[in-house]
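Geometric and topological summary
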Amino acid sequence: MPPAIETVDLVKEYGDLRALQELSLTVEEGEFFGLLGPNGAGKTTFINTLVGLVRKTGGEARVFGYDVEDDYRQARDAIGLAPQEFNVDRFFPIREVLIHKAGYHGIPEAEAAERADEVLKRVGIYDKRDERFDWLSGGMKRRLLLARALVTDPDLLILDEPTAGVDVQLRHDLWELVTELNEEGTTVLLTTHYIEEAERLCDRVAIMNEGRKVTVATPDELKTRGTDTIAVRLESSPSAAPDLEAADYAHETTLAGDRLEVRVDDGGSTAPQLLNDLEAKGYEVADLEISRTSLEEIFVDLTRSEDRTVTRSSASNDERVAPADDRETEREQEGIV
Ligand SMILES: Nc1ncnc2c1ncn2[C@@H]1O[C@H](COP(=O)(O)OP(=O)(O)O)[C@@H](O)[C@H]1O
Ligand SMILES: [Mg+2]
């Protein structure tokens, strides 16, 4: 079985701006994969390349082995996309929006109607089925985007920042539902800039920054990459910090009054050694506390940009590239212009 997503040296340029830079990424079938990165990292561009809304400049992209350009239809039919922006026809009852979507992907009408009702129930807006999109609240709209992504029963579900700006209740509902779908065998690609979300849901995450893949790891592996801080309160304020130069575990030592902070790789295994060394040097310890680097701090560290403003400002509206003409129907279907 080919991977759910496989890209090799994928490049997307908008004029001078390189939105995707030689991005090689593999998502295995059945995985719950997170794409994490700050705004402008290229997450949406990556997704839009897979669904044919953005035409790649270079490299390869396949979905379940189907080339996203040469085998566009097969690749697109395998994907259910809940996009970042609302792009639903405002004038139709939402049940019809779903039936239309299913029909567009070749599902016969009776079955399409059945699927529409099923997914509306599943995301919890069946009672709104006859209402128009623009009558729904923000949270309901998010639910509808998910329903529309699910109506074709996709093997690959792509969620582009599904919980940006939604309330806690909906966020948890979405998490639960998507976890269920993944357990049922659906491959999930989720983009987010909430580290907590990635940590909670994803088997693996790729961290992106400025169109590049910074790293791919499990959330647990990421956490081991940070450093810890051991904060020691001393019985009295010494005149100088202890010299821990000989101790190769200490990356950095700072003293403020009776508070000594030592930065180490792993606090738990280093603390006993540090206590011994301090005692040997005549420092009396009153209290000790270890703080772990949060995943959030690691993320911020990994995506720190040397000069992000320069890269960003090189994009202008004039350079926006329209999708290929033969995608006209699909663009209408997805509501993207
Ligand atoms: N149609 C477009 N024309 C020009 N630049 C674009 C276009 N779409 C996205 N970009 C630029 O590409 C970069 C990546 O954007 P995007 O993929 O939306 O990032 P993310 O989803 O991670 O926030 C950004 O610098 C953005 O301004
Ligand atoms: Mg985006």
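Residues numbered from 1 in each chain as written. Chains lettered and ligands numbered in written order. Predicted model: local features only at pLDDT ≥ 70, side-chain atom pairs only at ≥ 80, totals over all residues. Heavy atoms only, no water.

Let's talk about helix α10 (residues 295-302)
- What α10 keeps buried is the set L295, I298 and F299. Seen along its axis, α10 keeps its buried residues to an arc of 100 degrees; they face one direction.
- Its buried side turned inward, α10 meets β3 (32-36), α7 (195-201), β9 (204-209) and α8 (219-223). (Buried < 20%, exposed > 50% of the residue type's maximum accessible area, 1.4 Å probe, protein only. Helix = DSSP H or I, 4+ residues; strand = E, 2+ residues; numbered from the N terminus. Arc of directions from axis to C-beta. Contact = heavy atoms within 4.5 Å.)

Details of the site of ligand 1
- Taken together, twelve residues sit near ligand 1, with G40, G42, K43, T44 and T45 positioned nearest.
- Between an oxygen atom of ligand 1 and a side-chain N or O atom of T45, the distance comes to 2.6 Å.
- In the complex, 81% of the free accessible area of ligand 1, which totals 560 Å², lies under the protein chains.
- Within the residue set of the shell around ligand 1, elements represented by two or more residues are β2 (17-27) and α1 (43-50).
- Ranked by residue count, the leading element in the shell around ligand 1 is α1, at three residues.
- Of the residues assigned to the shell around ligand 1, the class counts are five nonpolar, five polar and two charged. (Near = heavy atom within 4 Å. Polar contact = N/O pair within 3.5 Å; in protein donor to acceptor, adjacent residues only side chain to side chain. Areas by Shrake-Rupley, 256 points an atom, 1.4 Å probe, with all protein chains shown as cover. Nonpolar A, V, L, I, M, F, W, Y, C, P; charged D, E, K, R; others polar.)

Observations regarding the domain arrangement of the protein chain
- What the domain assignment lists for the protein chain is domain 1 (5-222) and domain 2 (227-292).
- On a C-alpha basis, the centroid separation for the pair domain 1 and domain 2 is 47 Å. (Domains from an automatic or database assignment.)

Topic: the coordination of the magnesium ion (ligand 2)
- Only T44 (OG1) and Q84 (OE1) from the protein reach the magnesium ion (ligand 2) as donors, at distances of 2.0 to 2.2 Å. Of the two residues, T44 sits in helix α1 while Q84 sits in the loop between β6 (79-82) and α3 (94-104), which places them 40 residues apart along the sequence.
- Accessibility expressed as a relative area gives 26% for Q84, which makes it partly exposed. (Donors = N, O, S within 2.8 Å, 3.2 Å for Na, K, Ca; no water.)

Regarding unusual backbone geometry
- In the Ramachandran plot, D9 falls in the positive-phi region, its phi being about 50 degrees despite a non-glycine side chain.
- Examined against the element boundaries, D9 turns out to sit in strand β1 (residues 5-14).
- Look at D9 and you get partly exposed, because its relative accessible area is 40%.
- Positioned with a positive phi, F64 is a non-glycine residue whose angle comes to about 45 degrees.
- By the element assignment, F64 lies in the loop between β4 (58-63) and β5 (66-67).

Observations regarding the environment of H172
- Tracing the sequence through the fold places H172 in helix α6 (residues 168-183).
- Taking the relative accessible area as the measure of exposure, H172 reaches 32% and is therefore partly exposed.
- Sequence-wise, H172 and R225 are 53 residues apart; in three dimensions their C-alpha atoms are separated by 28 Å.

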